[in-house]
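Coordinate analysis (summary)
Take a look at the letters that make up each chain.
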Amino acid sequence: MSRSVCVIVPSVGNQVELGITLDGLLAQSYYGPCEIVVVGPGADPGREQAESRAVRFIDDAGSRTRADACNVALDATESELVFFTDDDVIVARTWVEQLARWFERPEVAGVGGPNFAPPEHSTLQQQIIDVSFCSRIFTVGTNYGRKGAGELDEVEQLPGVNSAYRRSVLQEVGGFPPGCIGAEDVILDHMIRQAGHRLWTDRTAVMWHRRRDLSRVKRQIRNYGLVRTLASHEHRELRAWSHTIVAMFPPIVLSAFAFFFWGLANGGLNWPEFWDISYETVPMGWPRAGVHTLVSLIVLYNLIAWYGAAKGNSPCRTPKTVFLSSIATFALHWNYGMGVLQGWWRIFTGNSGLQIDDRSRD
C-alpha cells in the first residue's frame, strides 16, 4: 500500500548543495505520490534552485528558526507521511522507499536512520569531524554515528536530517516547538513519545550528510549544548548525566593548566633537564603532582579518544583520521561544555527559553 509522502527541506543560503540534494530527491525509487518542498526566505537563492527543477518553494514567512520554518511547511502541505532532511545531504535513491515501508506497521509513529559524512565527497577536516562525531565512547547516547543492531530498533529520538513521521502524529503534538533551534528534533520526539507513540531506526537507511568545517562545527555544537540545556530545564525528562559531565570539561581543563603552571613555578619540574624526573631531583609533592597531572590527563584523553574513534561507525575511519580525531573531539567537548555552562547561567539569571536567532549562529 503506497502512502503519500512530502519531503521537507529547510534551506537558508546554501543553494549549491541544495541543488545536489534536490537532484537526489527527484531520483527516488518510491512508487507512491511524493512531493518535495523547500522552505526558506522568499528571496533566498535556493528558490531558483527549487523552481528550476519544478520543486515547490515555500516562503518561510520570516521564520528565524528551523522549527518555525518546518511548521510553516507542515501547514502548507498535505500528505500522509512527512519526511525531513537538510539542504547539504547526498540522498540515496532508495531513501524514501526504505523509510516509508515501515509505516505498514501500526506501531511506527516515526522512523529514521544513521547519517555519516560521505568519504568521497568530504575534505580531510570533514572526515575527521565525522570520525569524532561517531566515537563509540564520547558520543554514546547521541544520534551521531548510531546504528541499530537489528532490522528495526526502537529509539528515543531521530536525527532531524534523516527522519519520517505520520502527519497525524505531528498534528497531534502540535508540530515543532515554536522558536526552538538546536534541539527542535529532540523536543519533538520527546513530545511524540510522551503522547504514547514509538520511534524506530532502520540501520540501512543511511543519509550522507556533509559535515561543516571545524570553525562552524564549534559554533554549532556550542549552540546545541546551550539549547539542549534550556530544553532539559523545560522538559526535565531530557536531563542526562552525560550533559553534566561535559559541562565540567572546561573547568577541569582550566584547573589542570592552572595546577600545571603552579607546579612549574614551585619546582615541580627540573628545568632545563626536564627528562630527569627522579624523586631525588624533583621530590614527590604537590608541585610535582601539578606538573604530571596535566600530562597524564592529556595522554589518557587521547588514548580514550583514539579508541572510541577506532571503534565507531564512521565510514571515514582511517589511521590518519582516527589519529587526528582527538583534536576535533577536544574542540567539540570544550564548546559543548561552554554551551551547557551558558545555558545554566541563563537559567540562573532567569533568561531561559529557546528563542535563538538561527540566522546569526553561522
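Everything here concerns the structure above.
This text gives an overview of the structure that appears in the document. Small disclaimer: the values here were computed from a predicted structure and weren't measured.

Conventions used here
Residues numbered from 1 in each chain as written. Predicted model: local features only at pLDDT ≥ 70, side-chain atom pairs only at ≥ 80, totals over all residues. Heavy atoms only, no water. Phe/Tyr/Trp six-rings, centres within 6.5 Å; stacked < 30°, edge-to-face > 60°. Buried < 20%, exposed > 50% of the residue type's maximum accessible area, 1.4 Å probe, protein only. Helix = DSSP H or I, 4+ residues; strand = E, 2+ residues; numbered from the N terminus. Pairing = 2+ DSSP bridges. Axes fitted to C-alpha atoms, helices over the stretch in contact; angles between N-to-C directions. Contact = heavy atoms within 4.5 Å.

1. Some words on the packing of aromatic side chains
Going through the model one piece at a time under the given rule, you end up with 15 aromatic pairs. Aromatic side chains Tyr30 and Tyr31 sit 5.0 Å apart centroid to centroid with 35° between the ring planes, which places their arrangement in the tilted category. According to the relative accessible area criterion, Tyr30 is buried, its value standing at 10%. Considering the side-chain rings of Phe84 and Phe176, the 5.3 Å spacing of their centres and the 85° angle between planes classify their relative orientation as edge-to-face. Here the residue Phe84 occupies a position in strand E4 (residues 81-84), and Phe176 occupies one in the loop between helix H6 (167-173) and helix H7 (184-194), the gap between them amounting to 92 residues. Each of the two residues, Phe84 as well as Phe176, counts as buried. Three or more aromatic residues joined by ring pairs form one cluster here, namely Phe249, Tyr301, Phe330 and Trp334.

2. A closer look at helix H3 (residues 66-75)
Most of H3 sits out of view: seven of its ten residues are buried. Turning to H3, its buried residues number three or more, namely Arg66, Ala67, Ala69, Cys70, Asn71, Ala73 and Leu74.

3. Describing the sheet that holds strand E10 (residues 199-201)
Here eight strands make up an open sheet; going across it, the order is E3-E2-E1-E4-E9-E6-E10-E8 and the pairing mixed. Each having just a single partner strand, strand E3 (56-59) and strand E8 (153-155) make up the two edges of the open sheet. The average angle at which neighbouring strand axes cross in this sheet is 30°, direction not considered. In this structure, strand E6 (residues 110-112) lies alongside E10, joined through three bridges in parallel fashion. Bridging from a neighbouring strand, Gly112 pairs with Thr201 of E10. Of the strands in this sheet, strand E1 (5-10) and strand E2 (34-40) are in contact with helix H1 (residues 15-26), which crosses E2 at around 165°. Packed on one face of the sheet, H3 meets E1, E2, E3 and E4 and runs near 150° to E1.

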